[in-house]
Amino acid sequence: NSYTITATANPSDGGTVSGAGNYNYGASCTLTATAATGYTFTNWTENGNVVSSDANYTFTVEDNRSLVANFTAITYTITVSANPSNSGTTSGGGTYNHGQSCTVIATSADGYTFMNWTENGTVVSTDANYTFVVTSNRSLVANFEEQQPDTYNINVSPNPNIGGTVTGGGNYNAGQQCTVTATANTGYTFINWTENGEVVTTNASYTFIVEGN
């Protein structure tokens, strides 16, 4: 008698199978399962029951048989972290199957700017949203740089020069508070502070938030 041996792969893209066909009773049949890239061979099953864990399964033909070669996708771990740790947050890490698409996202904290993604010290992307195909375990670091605030100059001078002294001028970061103080010399009295000829205050001690030169 002649019998039919069928073999299929599960999942279909997990690998290939060979050796199926028609065999006479008592003949030896060898089915071979070859895993595709990103998969490993798991076992041969028949009607849901495991019949062999060998990729090359040899048996004596005594009946029609329908065998399934089961493959398992290889999984990889993607880890993400921020440098320095308080400079921002990262997301997208986790476990992925071989060939899956992964997007890791870097979000900067207040006062920081995203610079790049590095792996083992080598820059792999300058995009905060970095997308790649997973083919191995990866450990990615999102690097952030602290923002340097804008610096402005506050220039103060007396009028006339012999009328008194002024203090508080200098360089300030944007958003800083500045207090300039005018002290009249003997024989003079303080009148006001002006900027570009416009009176800004009549207080000898003038406090304001720095937003420009």
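Refer to the structure presented above.
Remember, predicted model here, so these are calculated numbers, not experimental data.

A.B. asks: Any chance you could break down the nonpolar core for me, citing the residues and the numbers?
C.D. replies: The biggest cluster of nonpolar side chains holds 16 residues, and the ones touching the most others in it are Ile78, Val104, Trp117 and Phe132. Secondary-structure elements contributing two or more residues to this core are strand S9 (75-83), strand S12 (101-108), strand S13 (112-119), strand S15 (129-133) and strand S16 (138-146). One finds Cys29, Trp44, Val61 and Phe71 within the second-largest nonpolar core, a separate group that totals 15 residues.

A.B. asks: Lay out the sheet that holds strand S3 (residues 21-24) in plain terms, naming residues and giving numbers.
C.D. replies: Pairing within the open sheet is mixed, and its five strands lie in the order S3-S1-S8-S5-S6. Bordering the open sheet on either side are S3 and strand S6 (49-52), each of which pairs with just one other strand. When the angles between neighbouring strand axes are averaged without regard to direction, this sheet yields 40°. The pairing of strand S1 (residues 2-10) with S3 spans four bridges and is antiparallel. Looking at S3, one finds that Ser2 is bridged to Asn24.

A.B. asks: How would you explain the environment of Thr75 if you had to name every residue and give the values?
C.D. replies: Among the secondary structure elements, Thr75 is positioned in strand S9. Residues within four places of Thr75 in sequence aside, it is in contact with Thr95, Tyr96 and Asn97.

What counts and what doesn't
Residue numbers here run from 1 along each chain, matching the order of that chain's written sequence. At least 70 in pLDDT is required for a residue's local features to be given in this predicted model, at least 80 for side-chain atom pairs to be given and counted, and no such filter applies to totals for whole chains, interfaces and linings, which use all residues. Calculation of side-chain values draws on the structure's entire complement of heavy atoms; hydrogens and water are dropped beforehand. Working definition of a nonpolar core: buried Ala, Val, Leu, Ile, Met, Phe, Trp, Tyr and Cys residues. They are joined through side-chain atoms within 4.5 Å. Any residue under 20% of the maximum accessible area for its type is buried, any over 50% is exposed, and the rest in between are partly exposed; the area is computed with a 1.4 Å probe on protein chains only. A run of H or I in DSSP becomes a helix once it reaches four residues, and a run of E becomes a strand once it reaches two; helices and strands are each numbered from the N terminus. The criterion for strand pairing is that DSSP finds at least two bridges linking the strands in question. Angular values range over 0 to 180 degrees, each being the angle between N-to-C directions of two axes fitted as lines to C-alpha atoms, with helices fitted over their stretch in contact. Throughout, a contact is declared for two residues whenever any of their heavy atoms are within 4.5 Å.

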